[in-house]
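# Report on the structure
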Amino acid sequence: MPEYKTGVVVTTTGSFYTVKVEKETFVCKVKGSFKLKGIRTTNPVAVGDIVSIEVGEDNNVQNAGWITKIHPRSNYIIRRSSNLSKQAHILAANIDRALLLVTVNYPVTSTTFIDRFLSTAEAYNVEAAIVFNKTDIYDASDMEEMQKLRKIYEGVGYRCFEISALANKGFEALMDYIRHGVTLVSGHSGVGKSTFINGIIPDAGLKTAAISEAHNTGMHTTTFSTMLPLSDAEEGYIIDTPGIKGFGTLEFEKEQVGHFFPEIFRLSKECRFNNCTHIHEPGCSVLRAVEDGTIASSRYRSYLSIFRDGDEDSKYRSAY
């Protein structure tokens, strides 16, 4: 008789998945096909998924198995996988929060990228926070830009942290925030994710690389997603993901986009029309708030960008 077990996916490497079942781990492949609401995904199984496995035999793999079922997800973070692609990529599932590591320089993280990540987190019921990294190398102009961005996002309601992963500074408040539960860490290549994770999990041993000086962009060091236990709290876990260049939104209905921008959603209740798009209608409280600075112009531009996604063949460009 086949032996079945239930565990959590802790590593994904192409077509192989490492599943942790209590103190055991199994190297598994997918048995059959899985679909997420009819969306084609590049990775049918994601780190954080709770799965059922059939323990099998493989002469080349110890503790081999087959994933036979994905249990219902409490949430997940998903993005359009690449430009002009109709497929999606799930970054992680069943997470308690998502940290977006950003840098105002070395390399630059655009507000459009930040807002697309945050709106997707809102859409899929994931708490999100922003971590500004590399504060040790910012000049006065960079620091001013960081404080401006922090004021915007804290004003919306997002928690923000300032750290230097390389100098190991600013970790205290952040560690208190992530000490329990499962935390996804995401961001552009080059923002310091691997250095950050090595700082909070000293034995993680993740590879790091300098950014390209010619283009002020990062180079990929993480090639697959993995879940790592925090060194000082057994109940806490970090999910490390490869750096991403762009963040394409997926299946956002036009009338729902404003729901995923908290400040727009709050003010939309005061608009003259219930179906206000916040673009041209008279009596629009959102447009009025943009004009008087209550809503940041960068946030509104991001809203327009996502709202108009459906009018384009592509969900995003690399600059996002």
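Calculation notes
- Residues numbered from 1 in each chain as written.
- Predicted model: local features only at pLDDT ≥ 70, side-chain atom pairs only at ≥ 80, totals over all residues.
- Heavy atoms only, no water.
- UniProt positions renumbered as here; feature names shortened; annotations may be inferred.
- Helix = DSSP H or I, 4+ residues; strand = E, 2+ residues; numbered from the N terminus.
- Expected span 1.5 Å × (residues − 1).
- Buried < 20%, exposed > 50% of the residue type's maximum accessible area, 1.4 Å probe, protein only.
- Core = buried A, V, L, I, M, F, W, Y, C linked by side-chain atoms within 4.5 Å.
- Domains from an automatic or database assignment.
- Contact = heavy atoms within 4.5 Å.
- Salt bridge = Lys/Arg side-chain N within 4 Å of Asp/Glu carboxyl O.

- An unreviewed UniProt entry lists the protein chain under the name Small ribosomal subunit biogenesis GTPase RsgA, with Porphyromonas cangingivalis as the source organism.
- What the UniProt record of the protein chain gives under Subcellular location (unreviewed entry) is the line "Cytoplasm".

## Concerning helix H1 (residues 111–123)
- Here H1 contains 13 residues, and its C-alpha end-to-end distance of 18 Å stays within 8% of the 18 Å for a straight helix at 1.5 Å per residue.
- In terms of residue burial, H1 counts as a mostly covered element, since eleven of its 13 residues are buried.
- All buried positions along H1 are accounted for by Thr 111, Thr 112, Phe 113, Ile 114, Asp 115, Arg 116, Phe 117, Leu 118, Ser 119, Thr 120 and Ala 121.
- With its phi angle positive at about 60°, Asn 125 sits one or two positions after the end of H1.

## Let's talk about the nonpolar core
- Ranked by internal contacts, the top residues of the largest apolar core, which has 35 residues, are Ile 95, Tyr 153 and Leu 184.
- Elements supplying a minimum of two residues to this core: strand S1 (3–13), strand S7 (88–93), strand S8 (97–102), H1, strand S9 (128–132), helix H2 (140–156) and strand S11 (181–186).
- Each of domain 1 (3–72) and domain 2 (95–240) gives at least three residues to this core.
- Discounting residues that sit within four places of it in the chain, Ile 95 has contacts with Asn 75, Ile 77, Val 126, Val 182, Leu 184 and Ile 239.
- Counting 21 residues, the second largest nonpolar core, distinct from the first, contains Ile 178, Ile 197, Leu 228 and Leu 230.

## What about the UniProt feature "binding site: Zn(2+)" (unreviewed entry) in the protein chain?
- The UniProt entry lists Cys 271, Cys 276, His 278 and Cys 284 under the feature "binding site: Zn(2+)" (unreviewed entry), expressed in the numbering used here.
- Relative to the helices and strands, Cys 271 is located in the loop between helix H5 (262–268) and helix H6 (285–292).
- Look past the residues within four positions of Cys 271 in its chain and what remains in contact with it is Cys 276, His 278, Gly 283, Cys 284, Ser 285 and Val 286.
- With respect to the helices and strands, Cys 276 occurs in the loop between H5 and H6.

## Focus: unusual backbone geometry
- For the peptide bond that leads from Tyr 106 to Pro 107, omega is -5°, which places it in the cis range.
- Mapped onto the elements, Pro 107 comes out in the loop between S8 and H1.
- Backbone geometry places Tyr 106, a non-glycine residue, at a positive phi of 60°.
- On the secondary structure map, Tyr 106 appears in the loop between S8 and H1.
- Unusually for a residue other than glycine, Asn 125 sits at a positive phi of about 60°.
- One can find Asn 125 in the loop between H1 and S9.
- Judged by relative accessible area, which is 59%, Asn 125 ranks as exposed.

## So, the environment of Leu 267
- Relative to the helices and strands, Leu 267 is located in helix H5.
- The class for Leu 267 is buried, based on a relative accessible area of 19%.
- Sequence separation between Leu 267 and Cys 284 is 17 residues, and the spatial gap between their C-alpha atoms is 8.9 Å.
- Excluding residues within four positions of it along the chain, Leu 267 makes contact with Ser 285, Val 286, Ala 289 and Ile 295.

## Observations regarding the pattern of salt bridges
- What the rule picks out here adds up to ten salt bridges.
- Glu 3 is paired through a salt bridge with Lys 5; the nearest N and O atoms lie 3.1 Å apart.
- Among the ionic contacts, a cluster of salt bridges with common partners joins Asp 115, Glu 263 and Arg 299.

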